[in-house]
Amino acid sequence: MKKPGRNDPCPCGSGKKYKNCCLIKNEAAGIDLKRLYLQKYRIRLKNKDDIEGIAQAGQLAVETLDLVESRLRIGISTEEINTIVHEFTIARGAVPAPLNYRGFPKSVCVSVNNVICHGIPDPYKLKDGDIVNVDVTPILNGYYGDTSKTFYVGTPGRDAVKIVKVAAESLVRGVSKVKPGNTLGDIGYAIQHYAEGQGCSVVREFVGHGVGLDFHEPPQVLHYGRKGEGVILVPGMVFTIEPMINLGKKELRVLDDDWTAVTLDGSLSAQFEQTVVVTENGCRILTPFDPLAGL
Ligand code: MF3
Ligand code: CO
Ligand code: CO
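This structure is a prediction, so every number in the text was calculated from the model and none was measured.

Draft legend 1. Examining the sheet that holds strand β3 (residues 115–117) more closely. One open sheet holds the 3 strands; their spatial order is β3-β14-β13, and the pairing between them is antiparallel. The two strands at the open ends of the sheet, each matched to only one other strand, are β3 and β13 (252–254). Taking each pair of neighbouring strands and ignoring which way they run, the sheet shows an average axis angle of 40 degrees. Sheet analysis places β13 next to strand β14 (residues 261–263), joined by 3 bridges and oriented antiparallel. Across the sheet, residue Arg253 finds its bridge partner in β14, namely Val262.

Draft legend 2. Here's a closer look at the site of ligand 1. If you check the shell around ligand 1, you find 14 residues, and the closest are Asp146, His209, His216, Glu242 and Glu273. In this structure, an oxygen atom belonging to ligand 1 sits 3.0 Å away from a side-chain N or O atom of His209. Here ligand 1 has 340 Å² of accessible area as a free molecule, and 96% of this is covered by the chains.

Draft legend 3. Quick peek at the packing of helix α3 (residues 48–71) against helix α4 (residues 78–91). Between α3 and α4, the least distance of the axes is 10 Å, while the angle of their chain directions is 145 degrees. Crossing of α3 over α4 shows right-handed handedness. On α4, the residues touching Leu60, Glu63, Thr64, Leu67, Val68 and Arg71 of α3 are Ile81, Ile84, Val85 and Phe88. Here the residues of the contact of α3 with α4 sort into 7 nonpolar, 1 polar and 2 charged.

Draft legend 4. Here's a closer look at helix α5 (residues 158–175). If you check α5, its first and last C-alpha atoms are 26 Å apart, about what 18 residues at 1.5 Å a residue would give, namely 26 Å. Along α5, the positions that sit buried rather than exposed are Ala160, Ile163, Val164, Val166, Ala167, Ala168, Glu169, Ser170, Leu171, Gly174 and Val175.

Draft legend 5. Representation of the coordination of the cobalt ion (ligand 3) in the model. Distances from the cobalt ion (ligand 3) to its protein donors, Asp135 (OD), Asp135 (OD), Asp146 (OD) and Glu273 (OE), fall within 2.1 to 2.4 Å. Considering all 6 donor atoms around the cobalt ion (ligand 3), the spread of angles at the metal, 57 to 165 degrees, places the coordination shape in the irregular class. Between the two metal centres, the cobalt ion (ligand 3) and the cobalt ion (ligand 2), the spacing is 3.3 Å, with Asp146 acting as a shared donor. Remark: Asp146 occurs in the loop between β6 (143–144) and β7 (147–152) and Asp135 occurs in strand β4 (residues 131–136); sequence separation between them is 11 residues. Summarising the burial analysis for this pair, Asp135 and Asp146 share the class buried.

Reading guide: rules and limits
Residues numbered from 1 in each chain as written. Chains lettered and ligands numbered in written order. Predicted model: local features only at pLDDT ≥ 70, side-chain atom pairs only at ≥ 80, totals over all residues. Heavy atoms only, no water. Pairing = 2+ DSSP bridges. Helix = DSSP H or I, 4+ residues; strand = E, 2+ residues; numbered from the N terminus. Axes fitted to C-alpha atoms, helices over the stretch in contact; angles between N-to-C directions. Near = heavy atom within 4 Å. Polar contact = N/O pair within 3.5 Å; in protein donor to acceptor, adjacent residues only side chain to side chain. Areas by Shrake-Rupley, 256 points an atom, 1.4 Å probe, with all protein chains shown as cover. Left-handed = near helix turned anticlockwise from the far one by under 90°. Contact = heavy atoms within 4.5 Å. Nonpolar A, V, L, I, M, F, W, Y, C, P; charged D, E, K, R; others polar. Expected span 1.5 Å × (residues − 1). Buried < 20%, exposed > 50% of the residue type's maximum accessible area, 1.4 Å probe, protein only. Donors = N, O, S within 2.8 Å, 3.2 Å for Na, K, Ca; no water. Tetrahedral: all angles 85-135°; square planar, octahedral: opposite > 155°, others 65-115°.

Structure below.
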């Protein structure tokens with residue numbers, strides 16, 4: 001059927017103009033939101049099937065992190081963590097998205113201590129007191145789930161405990177703002193306000209992102225910002241929140257490998273990441289785990 005114009009008689013036969021009748025209901029039902037968000041923001045709102053597919057990829061991602069955690073010990077190399085992630089992902093019928101992504105050479109990002117993100121697995125052996133972020137993204141049945149956690153290796157020092165706890169709580173506070181009608185700026189503000197209030201800093205150069213049908217989709221999800229600014233959250237939006245929090249200053253540099261991002265001042269950095277979907281009433285975490293558990 002041809003789409004009625006706003007001023008045409010409503011196809012339901014009420015006798016009212018379409019704009020004063022079913023158009024309102026259609027908008028409420030998200031029929032035109034899908035078109036609007038695609039045209040205005042290039043954001044692809046996900047349907048029920050998409051969301052189930054992303055949830056399955058997300059569940060696999062969480063299980064991958066659980067496996068890594070169970071195998072973590074002093075002396076394990078980050079290269080061995082890569083092998084664990086790679087083999088488990090393949091065994092489950094999925095593909096590790098990082099491998100060959102824009103030239104990334106490994107199947108997982110492993111970022112130790114002052115490495116903010118995009119650490120490349122190598123022969124470095126984890127030592128007592130290190131913190132290590134493991135960021136996994138399997139592609140399962142064409143759907144992407146993206147999640148990361150920062151782990152303690154052996155016995156953490158005071159600085160390690162501080163930055164890991166602040167990073168975990170930053171993510172939780174960001175996720176708590178995910179509901180229809182709030183904005184991306186509300187999420188960024190909540191994270192920045194909390195993290196800076198703890199005397200830490202928020203990395204600017206890397207952001208959360210739409211995810212699901214592709215690794216990185218619009219929108220960008222800033223981990224800083226102002227309340228009420230940015231895109232309004234609507235049901236079906238799927239994106240990551242993944243604040244990178246530094247114990248010292250926010251500035252970074254990228255090593256000669258063109259990937260590894262480290263704090264400029266050498267301070268510790270930690271990160272947790274989840275994939276979420278905006279629902280009618282709030283939010284569903286598609287990579288379900290409690291960031292604060294065990295810290
Ligand atoms: N998983 C990272 C993210 O959260 C992206 C890593 S890109 C890679 O967005 F190429 F380094 F894997
Ligand atoms: Co991500
Ligand atoms: Co990630």
